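Residue-level structure breakdown
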Amino acid sequence: QVKLVESGGGLVQAGGSLRLSCAASGSIFSTYVLGWFRQAPGKEREFVAAISRSGGRISYGDSVKGRFTISRDNAKNTVFLQMNSLKPEDTAVYYCAAAPGWSKEYDGWGQGTQVTVSS
């Protein structure tokens, strides 16, 4: 089982940027598909982005396309989410997650990091 710990959240003004990191331990990092999800108060969890084991396949949720970039460094067991042009509606708790394959269920989750975008 992979253990995931997110960091990098905080308060930022609309139009600003943040970079989230997710450090993994406990398993072979490079064998996992990694994803970012978010959940705002009173809303369902939303898919943000995913990246394949090698980084050659990437997917984004429609609401973040063109603004967010997911990447990973398998040597450092870390996945990143670069968030640019942030909007107040991006405010949420952001979670890192791991899946054993691209179409597999995510079965490892971090504790989340809060991102707040002020208008």
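All of these numbers come straight from a predicted model, not from anything done at the bench.

About the cut-offs
Residues numbered from 1 in each chain as written. Predicted model: local features only at pLDDT ≥ 70, side-chain atom pairs only at ≥ 80, totals over all residues. Heavy atoms only, no water. Helix = DSSP H or I, 4+ residues; strand = E, 2+ residues; numbered from the N terminus. Rg over C-alpha atoms; globule rule 2.2 N^0.38 Å. Buried < 20%, exposed > 50% of the residue type's maximum accessible area, 1.4 Å probe, protein only. Lys, Arg positive; Asp, Glu negative; His and termini not counted. Charge placed at Lys NZ, Arg CZ, Asp CG, Glu CD. Pairing = 2+ DSSP bridges.

Section: the overall build of the protein chain
The number of helices and strands found in the protein chain is 0 helices and 11 strands. In the protein chain, the succession of helices and strands from N to C terminus is β-β-β-β-β-β-β-β-β-β-β. For the protein chain, whose C-alpha radius of gyration is 13 Å, the value lies close to the compact-globule estimate of 14 Å for 119 residues. Projected onto its principal axes, the C-alpha coordinates of the protein chain cover approximately 40 × 25 × 25 Å. Out of the 119 residues belonging to the protein chain, those deemed buried represent 43%. A distance of 5 Å separates the average location of the 13 positive side-chain charges in the protein chain from that of its 9 negative side-chain charges.

Some thoughts on the pairing of strand β5 (residues 46-51)
Here strand β4 (residues 33-39) pairs with β5 via 5 bridges, running antiparallel. Paired with L34 across the strands is I51, a residue of β5. The hairpin formed by β5 and strand β6 (residues 58-60) contains 6 residues between the paired strands, and G55 there has a positive phi angle of roughly 90°.

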